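# Observations on the model geometry
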Amino acid sequence: STLMSSDISRTIVFACGGTAGHVEPALAVAREWRDRHPNDRCIFIGTPEGLENSLVPAAGFELQSIPKVVMPRSFNTNLLRLPWQLLRAVQCARAIISQSTLVIGFGGYVSAPAYLAARIEKVPIVIHEANAKIGWANRLGAHFTKYLAIAHPVDRGKFANAKKTGLPLRADVQAAVREAAPNWDQAREQAKHRLGWNLNQPTLLILGGSQGSVSINAQIAAAMPALTSRGIQILHSVGAKNVLPQSTSSYRATPYISDMATAYLGADLIIARSGAVTCAEVGALGRMAIFIPLPIGNGEQARNADYLVAAGRAIVVSQREFTADWLSANLDAILLRSTKTSSQGLTDDLAAAKKIVELIESALTGVGI
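Criteria and cut-off values
- Residues numbered from 1 in each chain as written.
- Predicted model: local features only at pLDDT ≥ 70, side-chain atom pairs only at ≥ 80, totals over all residues.
- Heavy atoms only, no water.
- Buried < 20%, exposed > 50% of the residue type's maximum accessible area, 1.4 Å probe, protein only.
- Helix = DSSP H or I, 4+ residues; strand = E, 2+ residues; numbered from the N terminus.
- Pairing = 2+ DSSP bridges.
- Right-handed = clockwise from strand over helix to strand, strands pointing away.
- Axes fitted to C-alpha atoms, helices over the stretch in contact; angles between N-to-C directions.
- 1 Å grid on protein atoms, 1.4 Å probe; cavity = no way out; pocket = protein on both sides within 12 Å on 5 of 7 lines; lining within 4 Å.
- Points joined across faces, edges and corners; volume = space filled by probe spheres on them.
- Left-handed = near helix turned anticlockwise from the far one by under 90°.
- Contact = heavy atoms within 4.5 Å.
- Nonpolar A, V, L, I, M, F, W, Y, C, P; charged D, E, K, R; others polar.
- pLDDT = per-residue confidence, 0-100.
- Phe/Tyr/Trp six-rings, centres within 6.5 Å; stacked < 30°, edge-to-face > 60°.
- Salt bridge = Lys/Arg side-chain N within 4 Å of Asp/Glu carboxyl O.
- Lys, Arg positive; Asp, Glu negative; His and termini not counted.
- Polar contact = N/O pair within 3.5 Å; in protein donor to acceptor, adjacent residues only side chain to side chain.
- Core = buried A, V, L, I, M, F, W, Y, C linked by side-chain atoms within 4.5 Å.

### Comments concerning the pairing of strand β4 (residues 102–105)
Covered by surrounding structure in β4 are Leu102 and Ile104 together with Val103 and Gly105, the residues of both alternating faces. Sheet topology places strand β1 (residues 11–15) next to β4; four bridges connect them, and they run parallel. Residue pairing for β4: Ala15 is matched across the bridge by Gly105. Inspection of the sheet shows β4 paired to strand β5 (residues 125–129) by three bridges, in the parallel sense. Following the sheet pairing, Ile104 is matched in β5 by Val126. Between the parallel elements β4 and β5, the chain passes through helix α4 (residues 111–120) in a crossover that is right-handed.

### What about the sheet that holds strand β11 (residues 269–272)?
One open sheet accounts for six strands, arranged β10-β9-β8-β11-β12-β13; its pairing is parallel. Each having just a single partner strand, β10 (251–254) and β13 (314–316) make up the two edges of the open sheet. On average, each strand axis in the sheet is inclined to that of its neighbour by 15°, with strand direction left out of account. Both strand β12 (residues 289–291) and β13 contribute to a ladder of three bridges, which runs parallel.

### Thoughts on empty space enclosed by the protein
One pass over the full model with this rule turns up one cavity of 30 Å³ or more. Quantified by volume, the largest cavity comes out at close to 30 Å³. Lining the largest cavity, in full, are Glu24, Pro25, Leu167, Pro168, Leu169, Arg170, Val277 and Glu281. Mapped onto the lining of the largest cavity, the elements with two or more residues apiece are α1 (20–36) and α10 (276–285).

### As for the packing of α1 against helix α14 (residues 352–365)
Two elements in contact, α1 and α14, have axes whose closest approach is 9 Å; the angle formed by their N-to-C orientations is 65°. Every pair of crossing elements has a handedness; the one defined by α1 and α14 is right-handed. Contacts between α1 and α14 involve Ala28, Val29, Glu32, Trp33 and Arg36 on the former and, on the latter, Ala353, Lys354, Ile356, Val357, Glu358, Ile360, Glu361 and Leu364. For the contact of α1 with α14, the per-class residue count stands at eight nonpolar, no polar and five charged.

### Topic: the confidence of the model for the protein
The pLDDT averaged across the protein works out to 89; a share of 93% of its residues lies at or above 70. At the low end of the mean pLDDT range in the protein sits helix α11 (residues 300–304), at 82; at the high end sits β4, at 98. Per-residue pLDDT stays below 50 along residues 1–5; that stretch engages in eleven contacts with residues further than four places along the chain or on separate chains.

### Some points on the pairing of β5
The buried fraction of β5 amounts to five of the five residues, a majority that puts the element mostly inside the structure. A two-sided burial pattern is seen for β5, the buried positions comprising Ile125, Ile127 and Glu129 on one face and Val126 and His128 on the other.

### Considering the packing of aromatic side chains
Inspection of the entire model under this criterion finds three aromatic pairs. Judged by centre distance (5.5 Å) and plane angle (45°), the ring pair of Phe44 and Phe61 falls under tilted. On the criterion of sequence distance, the pair formed by Phe44 in strand β2 (residues 41–46) and Phe61 in the loop between α2 (52–58) and β3 (62–65) is long-range, its members being 17 residues apart. As far as burial versus exposure is concerned, Phe44 and Phe61 are alike and both buried.

### Description of the pattern of salt bridges
Applying the stated criterion across every chain yields a total of 13 salt bridges. The closest approach of N and O atoms between Asp268 and Lys192, which form a salt bridge, is 2.8 Å. With Asp268 in the loop between α9 (260–266) and β11 and Lys192 in helix α7 (residues 184–194), this pair connects stretches of sequence that are 76 residues apart. The class for Asp268 is buried, based on a relative accessible area of 15%. Given the relative accessible area of 11%, Lys192 is considered buried. Ionic contacts of the salt-bridge type, sharing partners, join the residues Glu32, Arg36, Lys354, Glu358 and Glu361 into one network.

### Things to note about the side chain of Arg287
As for its position among the elements, Arg287 is in the loop between α10 and β12. Within the buried set, Arg287 has no salt-bridge partner at all; the shortest N-O distance to an opposite charge, 4.8 Å, is to Asp185. Within the local environment of Arg287, its side chain forms a polar contact with the backbone oxygen of Ser338, the two atoms lying 3.1 Å apart. At 3.1 Å, the side chain of Arg287 and the backbone oxygen of Thr341 are in polar contact. Leaving out residues up to four positions away in the same chain, Arg287 has contacts with Arg188, Ala267, Asp268, Arg313, Ser338, Thr339, Thr341, Ser342 and Ser343.

### Considerations on the layout of surface pockets
Considering only enclosed or pocket space, the second largest pocket measures out at about 380 Å³ in volume. Along its surface, the second largest pocket is lined by 13 residues, and Ala132, Lys133, Pro153, Val154 and Asp155 are the ones closest to its centre.

### Examining the sheet that holds β1
The seven strands lie next to each other as β3-β2-β1-β4-β5-β6-β7, forming an open sheet whose pairing is parallel. Strands with a single pairing partner mark the edges of an open sheet, and in this sheet they are β3 and β7 (163–164). Against the sheet, α1 makes contact with β1 and β2, and its axis sits at roughly 170° relative to β2, the strand it touches most. Across the face of the sheet, α14 comes into contact with β1, β4, β5, β6 (148–150) and β7 while running at roughly 145° to β4.

### Overview of the nonpolar core
Across soluble globular proteins, you tend to see nonpolar side chains buried next to one another. Within the largest apolar cluster, 37 residues are counted, with the highest numbers of intra-cluster contacts made by Leu205, Leu207, Tyr264, Ile270, Leu285 and Phe291. Counting residues per element, the ones that place at least two in this core are α6 (171–180), α7, α9, β11, α10 and β12. When residues in this core are grouped by element, the largest group, seven residues, is from α10. Leu285 has contacts with Val173, Ala176, Val177, Trp184, Arg188, Ala261, Tyr264 and Leu265, leaving out every residue within four places of it along the chain.

Right, dumping it as structure tokens:
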């Protein structure tokens, strides 16, 4: 699996799966790689049930599946099955990776077997970590490579010296930032027009991650009288599997939002989960946010918004604290803060895909880091 001359195509394997948080950054890097190296083959490894099954083919990339390996959170029978699950997944990954030039992983279920397979096959590995807290698969993979990239600075461990690249943004978000850059105030006004919003009334965008959030939705429903009495205009993405509430003149409920860039730009305040991708997109296009970290997982969501809080663009509230009463009591002050926040988005992540592509090139030549 040595580096071949540019006219012979190489195969780059992208290991990412499960949530949009792993898949979207990988797609952004794959697009950048394809633009620079059109002769190369890009293969995605996923699991049969992850979001990658719709996102990857839609983006025009090849997808191959391996069995899902679930890391048990407590000692139970799943823990006893883990070695067999992992062995099977590694064998399937080896069949794909043995013919490849390099593997880049983004964390999640698929990455651990991919890193182990790449190590066995002596294929170079690059790792990108989107979260402020490193996931277990990437901690494992970091034992096999020095080519590490992070979206946020990490204090200790192998990722403390990783290359800080930021988080690769989706193409539509990237394009929206570039279009807005000459005049952010005008871009925000135009977004409000496109959303059919009154420019003189505050606007609120509510998101619950790709699946929607039952708990956020319930508190918003309870807070509705307080919100509408203030003349607030609301766009609420409730999630495809959740019941769609009745829309009114000032409240629009939708299963999902296809044009996220306009929704971010037009909102004076965003209420959302603090997944790494959501934080990066809110940072790039949003103005002010209330983040409610998902209370499960390894606690990574609680840390992802730290840099936005430090920049005065976000407030983090626990799910237990986030109630209709809390929202009603704090909303006016937060909306006032939003009007005083710079209308400009943060541009930290604009070059992320390019920086990760450069890291892949370093890993292929074995130089630089």
